[in-house]
Structure formats: structure tokens, C-alpha cells
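Geometric and topological summary
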Amino acid sequence: MKRIYFLLPDVDTAHNLVDALLLQRIEARHIHVIAREGTPMEELPEASFVQTSDFVPGMERGLAAGGATGLVAGLVAASFPPAGLVIGGGALLAIAVAGAGFGALWASLVGAALPNSRLKQFQQAIENGEVLMMVDVPYARADEIEALVREHHPEVEIEGREPTVPPFP
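Residues numbered from 1 in each chain as written. Predicted model: local features only at pLDDT ≥ 70, side-chain atom pairs only at ≥ 80, totals over all residues. Heavy atoms only, no water.

On to the pattern of salt bridges. For the structure shown, the criterion picks out six salt bridges. The partner of Asp 143 in a salt bridge is Arg 161, with the nearest N and O atoms 2.4 Å apart. One end of the pair, Asp 143, is in helix H6 (residues 142-152); the other, Arg 161, is in strand E4 (residues 157-162), with 18 residues separating them in the sequence. Residue Asp 143 is classed as exposed on the basis of its relative accessible area, which comes to 55%. Through salt bridges that share partners, Asp 143, Glu 146, Arg 150 and Arg 161 make up one connected network. (Salt bridge = Lys/Arg side-chain N within 4 Å of Asp/Glu carboxyl O. Helix = DSSP H or I, 4+ residues; strand = E, 2+ residues; numbered from the N terminus. Buried < 20%, exposed > 50% of the residue type's maximum accessible area, 1.4 Å probe, protein only.)

Right under this line is the structure:
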């Protein structure tokens, strides 16, 4: 999946674009809308904390850092084993997996408390009353969806794409 960012002038345009995307068989669970606090969103699919926080990027970083740290700790333990203890490949793997799990958990909790760093560039526009829409589409349909938006909603600014989207947005 690819995430496409659209900056919309108002909520009415957001409703029209959501309807057009639904007609193109983009599921509502793949559409995420962010507006200024207090804006009546009615039935627009609002972005959850997963989209508005650094939860997923934090988890990814923690998984990598924790796994690497666990692997290094396992290698050190295997190189200098305590007296009478032999650490084999299974134990080394278990230590690396435990480190990855701990790192992912810790970093995702920290990331959940931080605003999404990708959304900082849109913060001023949102505060000025514009609406940000994030749409997760299959790789093969990204160009098609952008062309549809350009054709039917020229007032919408296409703000780019994210290279990858997690499997559980």
C-alpha cells in the first residue's frame, strides 16, 4: 500500500472526495481525515492515533534497535559464557527476539505520545482551516487515484506519497 496525501480547502470538498474514492472501491478504512479541532467532521473517516502519532515509526525503529542490541548481547554472552553455561544458537536467537520485542514495545509507547513527524508540514494549513486526507491505495492504483483527483477535484493539492504504509493502518 502507498499513502497519498491530499490537502483540501474545506470539509465539503473532503466529503465529495471521500464519495469519489468510495466509488473507486477504496475502502473507508483506508481513508484518514484530519481537520482543525472543532471542525464538524460529520461522517468523514477521522484519522486515529496510529495515523496522527509516531506509534508505527517508533515501533519500527524500536524493533530494529532492540533486535540489534539483543543480537549483540547474545553474541557477547556466547563469547564470554558464565561458568558452566553454554549458549547455543537457539539461545542467541531468543535473546535477539526478546530484545526486538522489548525495543518495539518501548519505542512504540514513546512514539504514541509524539505527534506524527510526517504531518508537521501540514500543521499550519490544518490550523488555517484546510483538511488533510491520507489515502492508502495499492501500489498499482496510486497513479490512477491521483489522476482521478486531478480530473474531478482540481482545487485539491496533492502533497505527495509515502513510500510504504504499514500493513495495519
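Further notes follow.
Scanning the model with the defined rule gives two aromatic pairs in all. With 5.5 Å between their ring centres and 20° between their planes, Tyr 5 and Phe 122 make a pair best called stacked. In this pair, Tyr 5 sits in strand E1 (residues 2-8) while Phe 122 sits in the loop between helix H4 (89-112) and helix H5 (123-127), placing the two residues 117 residues apart along the sequence. A single burial state applies to Tyr 5 and to Phe 122, both of which are buried. Ring centres of Phe 49 and Phe 55 lie 5.5 Å apart, and the angle between their planes is 65°; on these two criteria the pair is classed as edge-to-face. For Phe 49, a relative accessible area of 48% translates into the label partly exposed. Its end group placed over the ring of Tyr 5, Arg 118 keeps NZ or CZ at 4.3 Å from the ring centre. (Phe/Tyr/Trp six-rings, centres within 6.5 Å; stacked < 30°, edge-to-face > 60°. Lys NZ or Arg CZ within 6 Å of the ring centre and 35° of its normal.)

Buried within H6 we find Ala 142, Ile 145, Glu 146, Leu 148 and Val 149. Mapping the buried residues of H6 onto a view down its axis gives an arc of 155°, with all of them on the same face. The exposed residues of H6 that point more than 90 degrees off its buried face are Asp 143 and Glu 151. Tucked into the core, H6 has its buried residues touching E1, helix H1 (11-23), strand E3 (131-137) and E4. (Arc of directions from axis to C-beta. Contact = heavy atoms within 4.5 Å.)

The next thing to look at is the nonpolar core. Counting 21 residues, the largest nonpolar core has Phe 6, Leu 8, Leu 21, Ile 31, Met 133 and Val 135 as the members making the most contacts within it. For this core, the elements supplying multiple residues, two or more each, are E1, H1, strand E2 (31-34), E3 and H6. The element contributing the most residues to this core is H1, with five residues. Sequence-distant contacts of Ile 31, defined by excluding residues within four places in its chain, comprise Val 18, Leu 21, Leu 22, Ile 26, Pro 45, Met 133, Met 134 and Val 135. Residues Ile 34, Ala 47, Phe 122 and Ile 126 belong to the second largest nonpolar core, which totals ten residues. (Core = buried A, V, L, I, M, F, W, Y, C linked by side-chain atoms within 4.5 Å.)

Within E3, seven of the seven residues are buried, leaving the element largely enclosed by the surrounding structure. Here E3 shows no split at all, with Val 131, Met 133, Val 135 and Val 137 on one side and Leu 132, Met 134 and Asp 136 on the other all buried. Two elements, E1 and E3, share seven bridges in a ladder whose sense is antiparallel. Bridge pairing links Leu 7 to Leu 132 in E3. Two strands pair when backbone bridges link them, and E2 and E3 are joined in this way by four bridges, in the antiparallel orientation. Bridging from a neighbouring strand, Ile 34 pairs with Leu 132 of E3. (Pairing = 2+ DSSP bridges.)

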